[in-house]
Amino acid sequence: QVQLVESGGGLVQPGGSLRLSCAASGSIFSIGAMGWYRQAPGKQRELVARITRSGSTNYTDSVKGRFTISTISRDNAKNTVYLQMNSLKPEDTAVYYCNADRWYSSRWSAYWGQGTQVTVSS
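A brief report on the enclosed structure follows. Since the model is a prediction, treat every value here as computed from it, not as a measurement.

### Re the side chain of Asp 92
The topology assignment puts Asp 92 in the loop between strand E8 (78-85) and strand E9 (94-104). Overall, the relative accessible area of 1% leaves Asp 92 in the buried class. A distance of 3.0 Å separates a polar atom in the side chain of Asp 92 from a polar atom in the side chain of Arg 38. With near-sequence residues (within four places) excluded, Asp 92 lies in contact with Arg 38, Arg 66, Phe 67, Ser 87, Val 118 and Val 120.

### Digging into the pairing of E9
E9 sits mainly inside the fold: 8 of its 11 residues count as buried. With 8 bridges joining them, strand E4 (residues 31-39) and E9 adopt antiparallel strand pairing. If you follow Ile 31 over to E9, its bridge partner there is Arg 102. Pairing of E9 with strand E11 (residues 116-120) involves 3 bridges; the strand directions are antiparallel.

### Comments concerning the pattern of salt bridges
One pass over the structure, following the stated rule, counts 5 salt bridges. The residue Asp 61 makes a salt bridge to Lys 64 at a minimum N-O spacing of 3.0 Å. Salt-bridge contacts for Asp 92 lead to Arg 66; the nearest nitrogen and oxygen are separated by 2.8 Å. Taken together, the residues Asp 92 in the loop between E8 and E9 and Arg 66 in the loop between strand E6 (57-59) and strand E7 (67-75) connect sequence positions 26 residues apart. The buried category is assigned to Arg 66, whose relative accessible area is 10%. It is possible to trace a salt-bridge network through shared partners that takes in Arg 38, Glu 46, Arg 66 and Asp 92.

Quick notes on the rules
Per-chain numbering applies: the sequence of each chain, read as written, is numbered from 1 onward. With pLDDT at 70 or above as the cut-off, local features in this predicted model cover only qualifying residues; side-chain atom pairs require 80 or more to be listed or tallied, and sums for whole chains, interfaces and linings still use all residues. To obtain the side-chain values, all non-hydrogen atoms of the structure were used and water was disregarded. For helices the rule is a DSSP run of H or I covering at least 4 residues; for strands it is a run of E covering at least 2, with both sets numbered from the N terminus onward. To sort residues, take the accessible area from a 1.4 Å probe on protein chains only and compare it with the maximum for the residue type: under 20% means buried, over 50% means exposed, and anything in between is partly exposed. Here a polar contact means two N or O atoms within 3.5 Å. Within protein one must be a hydrogen donor candidate and the other an acceptor candidate, and residues neighboring in sequence count only if both atoms are side-chain atoms. Contacts: residue pairs with any heavy atoms within 4.5 Å of one another. Two strands are counted as paired when DSSP detects at least two bridges linking them. Any Lys or Arg side-chain nitrogen located within 4 Å of an Asp or Glu carboxyl oxygen qualifies as a salt bridge.

Here it is in structure tokens:
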């Protein structure tokens, strides 16, 4: 199993910055990639940024150049993924979810955090 605990959301003015954190624990050795998704009211959940075990990253077009995803492995039992969000816009307002894809029993399984609210407003 993998447990994901997010932190760092909140209210910020347009143009401001926030950093989201997601601490993964449990069977992290079997995680292939981690990422951040977001869901705004009335919209589908969408991928924001993703980082693989090898360090490859990809971003949705609307956040390229403004958001940065990174990860730190402190030990064999815990891994943390960050999403640095700069130049925030009102359209970035959403609930942000941490995601981990784990390889287990010959298939990929997705794990999700509880979500953290990000509100960009003046």
